[in-house]
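Examining the three-dimensional arrangement
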Amino acid sequence: MAGLGDAEIVIVGGGAIGAAAADALARSGRRDILLIEKEPSLAAVTTAQAAGLVGQVRSSIDRVKLAMWSVATFAELERQDEARPSWRQVGSLRIAVTPERADEFKRLCQVAAEAGLEAELIDAAAARRLWPGMRLDEAKAVLWCPSDGYLQPHDLTMAYQHRARAHGVRFATGVRLERIHLEHGRVTGVGTSQGEIRCEMVINAAGAHAYHVARLVGLDLPIVPVRHEYLVSVPLAGIRPDLPAFRVPDQTLYGRPDVNSLLLGGWEPEALSLDPRSYAIEETPPSIVEDWPVLSNFAELMRPIFPPIGEAGVRHVFSGWPTFTPDGRFIIGESGRVKGFVMAGGCNAHGVSGSAGIGRHLVEALAEQKPSAYVRSLSPDRFTETSWDWSDARRKAQAIYETYYAIGH
Ligand SMILES: Cc1cc2nc3c(=O)[nH]c(=O)nc-3n(C[C@H](O)[C@H](O)[C@H](O)COP(=O)(O)OP(=O)(O)OC[C@H]3O[C@@H](n4cnc5c(N)ncnc54)[C@H](O)[C@@H]3O)c2cc1C
């Protein structure tokens, strides 16, 4: 076909996940890969809006290890001569304001230790030395993870692209996937806005359109967009880019320095989700208007710990529709029903920090040797081989968002 040429693997979507998949597959030895992105540039949709926090402290060993793999990759990419992810390994503080949360932190430290991640409980004086402007007198515990940090999601995507290109991956922007061709239950090609492409495998990394791309091969997958937003304050005295990231889970808050400003986000208890069937593959999800009551509440909740945020002006609001799944887990791997159709999505709002780990698990899922039990548990087949209904799936996916920082999540 004219222009694009055929490929063994077509990746649909040029956000953090598609680019990480391209990088990981190319580095595993796959050579003939074409990534298509409908927008004029990569990282233009959800990835462009992400806060870029990278946290490795999680409640299961598998998830800690996935995040550790991401961090190792970010450090590696930061050493590239060009196209670096702007990775800042400034560490992170997790602040408990209830005794139950302090108990959870002890359990999280144990999980971290078992996974080989350094994380420790520190006293308020040590935490104040790390973030001098914070008031931590009421804190019941502070968990410090020195290898956490933050990056610029757009730069990360460019860094993946740079390395993948060096391994022969082709990238085509302004190309929209419209059809997927099957013969005898196998992928044989795709139809795009720029013509036909023969291929053996399609990787669905289409973010808030992943549901629609799966429908093109007749699969129903519960990939539910849920609105998420955060604010960036005007510059505030005492904030420097080398301060740690932070999370206050009892108040559902997270944040980090953004040069000399404070980036502050959170998980609201009554989220706004979308039924992906309400918009078509060629349409975009509804645009988001700043929800000032929600954003002001983040600032109010943060004020006792960092008083200047109470009076601070807002410089910018970022928002988007990250996707959630009813069980809060990624969807990674080939469909047992449609050979050559592969999922890389359902990121539950950690698609940037998880991207390198997701790329690694994708390689494992597609390798000839049997993947680990964890990787097998992420297969799309868990939704196509069981029955579920949309209203229940949407309710559960939304609840994953609403309880993001709940103890034991
Ligand atoms: C406000 C906010 C803050 C966040 N903060 C963090 C954070 O701190 N850390 C973190 O890890 N995650 C964070 N996230 C979540 C993170 O942004 C997502 O998990 C991640 O960006 C998902 O990447 P993606 O590649 O799957 O999706 P996207 O970036 O949306 O990429 C999908 C791409 O597919 C393309 N596409 C869709 N349909 C087609 C088609 N038919 N043909 C061709 N291309 C197509 C789209 O144009 C898009 O570019 C945040 C999200 C939001 C909204």
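Conventions and cut-offs
Residues numbered from 1 in each chain as written. Predicted model: local features only at pLDDT ≥ 70, side-chain atom pairs only at ≥ 80, totals over all residues. Heavy atoms only, no water. Helix = DSSP H or I, 4+ residues; strand = E, 2+ residues; numbered from the N terminus. Expected span 1.5 Å × (residues − 1). Buried < 20%, exposed > 50% of the residue type's maximum accessible area, 1.4 Å probe, protein only. Arc of directions from axis to C-beta. Contact = heavy atoms within 4.5 Å. Near = heavy atom within 4 Å. Polar contact = N/O pair within 3.5 Å; in protein donor to acceptor, adjacent residues only side chain to side chain. Areas by Shrake-Rupley, 256 points an atom, 1.4 Å probe, with all protein chains shown as cover. Nonpolar A, V, L, I, M, F, W, Y, C, P; charged D, E, K, R; others polar. Pairing = 2+ DSSP bridges. Salt bridge = Lys/Arg side-chain N within 4 Å of Asp/Glu carboxyl O. Axes fitted to C-alpha atoms, helices over the stretch in contact; angles between N-to-C directions. Phe/Tyr/Trp six-rings, centres within 6.5 Å; stacked < 30°, edge-to-face > 60°. Lys NZ or Arg CZ within 6 Å of the ring centre and 35° of its normal.

1. A few points about helix α12 (residues 390-402)
Helix length check: α12 (13 residues) gives 18 Å between terminal C-alpha atoms against 18 Å at 1.5 Å per residue, within 8%. Along α12, the positions that sit buried rather than exposed are Trp390, Ala393, Ala397, Gln398, Ile400 and Tyr401. For α12, the arc enclosing every buried residue in end-on projection is 150 degrees, short of the 170-degree limit, so these residues lie on one face. Exposed side of α12, more than 90 degrees from the buried face: Ser391 and Arg395 are the residues found there. Its buried side turned inward, α12 meets α7 (210-215), β13 (224-225), β14 (228-233), β17 (261-266) and β19 (323-324).

2. Comments concerning the site of the ligand
Within the structure, the ligand sits among 37 residues, and Glu37, Thr46, Thr47, Leu177 and Ser353 are positioned closest to it. In the environment of the ligand, an oxygen atom lies 3.1 Å from a nitrogen or oxygen atom belonging to the backbone of Val352. Notes on the ligand: free accessible area 1,000 Å², of which the protein chains cover 97%. Counting only elements with at least two residues in the shell around the ligand, the list comes to α1 (16-27), β2 (33-37), α2 (46-49), β14 and β18 (314-320). In the shell around the ligand, the residues fall into 18 nonpolar, 15 polar and 4 charged.

3. Overview of the pairing of strand β6 (residues 141-145)
For β6, a buried count of 5 out of 5 residues is recorded, marking the element as mostly surrounded by other parts of the structure. The two faces of β6 match: Ala141, Leu143 and Cys145 on one face and Val142 and Trp144 on the other face are all buried. Two elements, strand β4 (residues 92-96) and β6, share 5 bridges in a ladder whose sense is antiparallel. From the neighbouring strand, Leu93 faces β6, where its bridge partner is Trp144.

4. So, the pairing of strand β16 (residues 253-258)
Within β16, 6 of the 6 residues are buried, which leaves the element mostly enclosed by the surrounding structure. Relative to β16, strand β15 (residues 245-248) runs antiparallel, the two sharing 3 bridges. Along β16, the bridge assignment pairs Val248 with Leu253. What sits between the antiparallel neighbours β15 and β16 is a turn of 4 residues, in which Thr252 has the positive phi angle 55 degrees. Judged from the 6 bridges that link them, β16 and β17 form a sheet pairing that is antiparallel. Bridged to Arg256 within β17 is Leu263.

5. Here's the deal with the side chain of Gln161
Looking at where Gln161 falls in the secondary structure, it is placed in helix α6 (residues 153-166). The class of Gln161 is buried, set by a relative accessible area of 11%.

6. Observations concerning the pattern of salt bridges
Counted by the stated rule, this structure contains 26 salt bridges. A salt bridge links Glu8 to Arg30, with the shortest nitrogen-to-oxygen separation between them at 3.4 Å. A residue pair is termed long-range when its members are at least 10 positions apart, and Glu8 in the segment before β1 (9-12) and Arg30 in the loop between α1 and β2 qualify at 22 residues. Judged by its relative accessible area of 22%, Arg30 falls in the partly exposed class. Between Arg27 and Glu76 there is a salt bridge, with its nearest N and O atoms 3.2 Å apart. With Arg27 in helix α1 and Glu76 in helix α3 (residues 61-78), the pair connects residues that are 49 residues apart, well separated along the chain. Through salt bridges with shared partners, a single network forms among Asp23, Arg27, Glu76 and Arg163.

7. Observations regarding the sheet that holds β18
Sheet architecture is open: 8 strands sit in the order β5-β6-β4-β15-β16-β17-β14-β18, paired in mixed fashion. In this open sheet, the two strands that pair with only one neighbour each are β5 (120-122) and β18. Taking the axes of each pair of neighbouring strands and ignoring which way they run, one obtains an average angle of 25 degrees across the sheet. Strand contacts of helix α4 (residues 99-115): β4, β5 and β6, with the helix running at about 140 degrees to β4, the strand carrying the most contacts.

8. Details of α6
Look at α6: 20 Å from first C-alpha to last across 14 residues, which is about the 20 Å you get at 1.5 Å a residue. Summarising the contacts, the buried residues of α6 are in contact with α1, α2, α3, β8 (170-173) and α9 (355-366). Gly168 sits one or two positions beyond α6 and adopts a positive phi of about 95 degrees.

9. Observations concerning the packing of aromatic side chains
Enumeration over the complete set of coordinates arrives at 12 aromatic pairs. Between Trp131 and Phe306, the aromatic rings sit 5.3 Å apart at their centres with planes inclined by 80 degrees, giving edge-to-face as the arrangement. Of this pair, Trp131 sits in the loop between α5 (124-130) and β6 while Phe306 sits in the loop between α8 (292-302) and β18; the two residues are 175 residues apart in sequence, bridging distant segments of the chain. A network of ring pairs unites the aromatic residues Tyr254, Trp267, Phe324, Tyr401, Tyr404 and Tyr405 as a single cluster. Over the ring of Trp69 we find Arg360, and its NZ or CZ is 3.7 Å from the ring centre.

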